[in-house]
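A closer look at the structure
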Amino acid sequence: MSDFNLALVIVAIVVCVLVFLFNVYLLVNYQHPDDANQAYFPKFVVVFGLSVAAISILMLPADVANRQACRHAIYNGACSLTLPMKDLWLAIYIIDAVLVFFVIPFAMFYYEGDQDKSVGKRIKSALLWVVTTAIVCALLLGILYGLVGKVDFTVRHLSSATTNFPSTWEFSSSQPCIGGSGARACSAYTANASSEKTWTMRTTFPEYVVALATIVGSVLFSIFGGVGIACLPLGLITSFIRRPKAVITRSQYIKEATELGKKAKELKKAADTLHQEERSGSKGRKWRKNVKAVEKELLQLEEDVKLLEEMYPQGEKAETSWALTVLGYLAKLVLGILGFIVSVAWIAHIVIYLLIDPPLSPFLNEVFIKLDDIWGLLGTAAFAFFCFYLLLSVIAGAMMLGLRLVFITIHPMKWGATLMNSFLFNVALILLCSISVIQFCATAFGYYAQATAAQEIFGHTLQSLRGIKYLYKYNVFQIAFIVLSGLTFVYYVAFGWRRKKPSGRFQLSS
C-alpha cells in the first residue's frame, strides 16, 4: 500500500514538472517578437496560470487514483499515507480565484499602461485598479457569506423502537422495522414525507469562494462549452471541406497579393492616425470603436495572407510544402471525425446520466470502470482525456464567439505573434472555466468519481449551497449546454460548409 502511495506522489511531481516545461514551450513559441527579453512578470503569470489550469484538470483523475489507493486497505491508518486531496483542491482553487480576479488584471493593467510613463507610475495605476476591485470583491464576498453562506442538506429523520432480543427475526417488505406492523420510521424508502428534515450548517469561507467562482465560470462554461463541443470537431471538418483544392497560377497570386498589399497600406495608415489621436488624448468612444475595427480587419488580413501562402507555396521546397498542407488538412479531417465521436458521447452522456431522472445508464462511468478492470490506470487516463476535451471545447467556443459578441472581446492567440495582454486574457478565461469543467466532470462522472474529495466539495457542498443549489437542482447549466450545442450544430450544417467571402473595405467612424 505504501509503495502505491509513494508511486502516486512521484507521478504527481513528475506531471507538475512536465506541465511547467510544456507551458514555457508554449510561451516561447507563441509570444510576439516585441515581447522578447522583456515583460517578465506577465510571462511568469502566464506560465504559472496555465500550469494551475492544467494541474487542476489533472487533479480529478489523481483524486480517483488516490481513492483507489485505499480500496484494499487492511488497516485504518492506510489512507493517511495518501495525498491530502481536499486541502489540495481548496488551495488550487483559491490560487485560481486570486489569479483571475487580482494578479492577472494587475499584470494586464501594467502591461497596457502608457509606455511613456515611468515604471513606478504604471505600477501605481495598476495597483489602484486592482485595490479598488479587491475592496469591492471583499465587501461583496463578506456580505454574501454572512447572509447566505450556509448549506442546506435534505435528510430523513429515521428512528426505531426497541424490543427484547427474539429467537427469530421476522422482517419483510411489509414489516421492515421493529414495533409491529405499520412501523416504518426506520426505513428511508417507505418513511412518510414528514420524516424529511433540513440540516443547515455554515460552510467554510474557502469553499464559499470556490462555489461563487464556479458559478461565474459556469455561465461562461455553458456558453463557450456548449458552442465549443460542436464547433471543435465540426470546425476541423469544415476546414477540410473549404481547403484549397489546387495550387493557383502565378498571375492569380500576383493579383491577390497586390490587393492584400493595398489593404495592408490602408490599415497602416489607419493605425498611424489612431496612434496620433491616442497621443493627443482624444480616446473617446469613437476611437475605441475604430481600434476594434482595425484589429478585426488586421486579423482578417492575416488569415487571407496565410491562405494565399497555402495556395501558392514558394521556395525550393514548394512541392514539399504543398504536400504538408494536404496532409495537414487530412489530419484535420481525421481529428474532426474522432472529435465528433467524443462530442456525441459527451452529449449522450449528459442526457442519459444527468438530465433524465433516474439515469437510464451510468454510460461513460461504466466504460471507465471496465477500462480500470483491464489495466489499473486505463480508465483514469480515459477519464482525464474526456475532462481535457471538455476544456478544449470551452477554448474553441470562446475563440469562435469572441469576435461576434458585443460585450466581450477575445484576444486571439497566434503562433509567434501573441502579445502578453492576449496571453493574460486567455489564461484568465481558461482558469475561470477550468473550475466549472472540474465541477461538471465531478457531477457527470459522479458514479466513477464517488467517495473522492472533489465529489465532497463539488457534489455535495456546492449543490446544497443556499441560493445557488436551485441552479443545479433544475440542471440549468446542463440544459443551456445542450441547447447551445444543438444550435451550433444546426449553424454548421446550414452555413459551415460555405466558403468565407473576402471582407470589404472597412470604414472608420468620423
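Coordinates for the structure precede this section.
Residues numbered from 1 in each chain as written. Predicted model: local features only at pLDDT ≥ 70, side-chain atom pairs only at ≥ 80, totals over all residues. Heavy atoms only, no water.

Considering the overall build of the chain
Quick note on the threshold: The way it works is that DSSP assigns letters per residue, a run of H or I at least four long becomes a helix, a run of E at least two long becomes a strand, and they are numbered from the N terminus. Burial here depends on accessible area, computed with a 1.4 Å probe over protein chains only, as a share of the maximum for the residue type. Under 20% is buried, over 50% is exposed, and the range in between is partly exposed. Residue contacts are counted whenever heavy atoms from the two residues lie within 4.5 Å of one another. Per-residue accessibility takes into account occlusion by the displayed protein chains alone, with areas from the Shrake-Rupley method and a 1.4 Å probe.
A count of helices and strands for the chain gives 14 helices and two strands. Looking at the chain residue by residue over its 510 residues, the buried ones come to 40%. The long-range share in the chain, meaning contacts at least 24 apart out of those at least 6 apart in sequence, stands at 80%. When the accessible surface of the chain is summed, it comes to about 28900 Å², and 66% of that surface belongs to carbon and sulfur atoms.

A short note on the pattern of salt bridges
For clarity, the cut-off: The term salt bridge refers to a side-chain nitrogen of Lys or Arg lying within 4 Å of a carboxyl oxygen of Asp or Glu.
What the rule picks out here adds up to three salt bridges. One salt bridge in this structure joins Lys 268 and Asp 272, with 3.3 Å as the shortest N-O distance. Taken together, the positions of Lys 268 and Asp 272, both in helix H6 (residues 250-280) and four residues apart, correspond to about one turn of that helix. The exposure class assigned to Lys 268 is exposed, which follows from its relative accessible area of 55%. On the basis of relative accessible area, Asp 272 is assigned to the partly exposed category, the value being 38%.

A look at the nonpolar core
To keep it simple, the criterion reads: Only buried residues count toward a nonpolar core, which is a set of Ala, Val, Leu, Ile, Met, Phe, Trp, Tyr and Cys residues joined through side-chain atoms within 4.5 Å.
In this structure, Trp 89, Trp 346 and Leu 390 are the most contacted members of the largest nonpolar core, which totals 79 residues. The greatest single-element share of this core, amounting to 17 residues, is contributed by helix H11 (residues 420-444). Judged by nonpolar contacts, the second largest core, of twelve residues, contains Leu 267, Leu 274, Val 291 and Leu 301.

Looking at a nonpolar patch on the surface
Convention followed: Put simply, a patch holds well-exposed residues, over 30% relative accessible area, that have no salt bridge, with like charges counted together within 9 Å and Val, Leu, Ile, Met, Phe, Trp or Tyr side chains within 5 Å.
Taken together, the side chains of Ile 10, Ile 13, Val 14, Val 17, Leu 18, Phe 20, Leu 21, Val 24 and Val 28 make up a nonpolar region of the molecular surface, amounting to roughly 800 Å² of accessible area. Locating Leu 18 in the fold gives a position in helix H1 (residues 2-30). Judged by its relative accessible area of 53%, Leu 18 is exposed.

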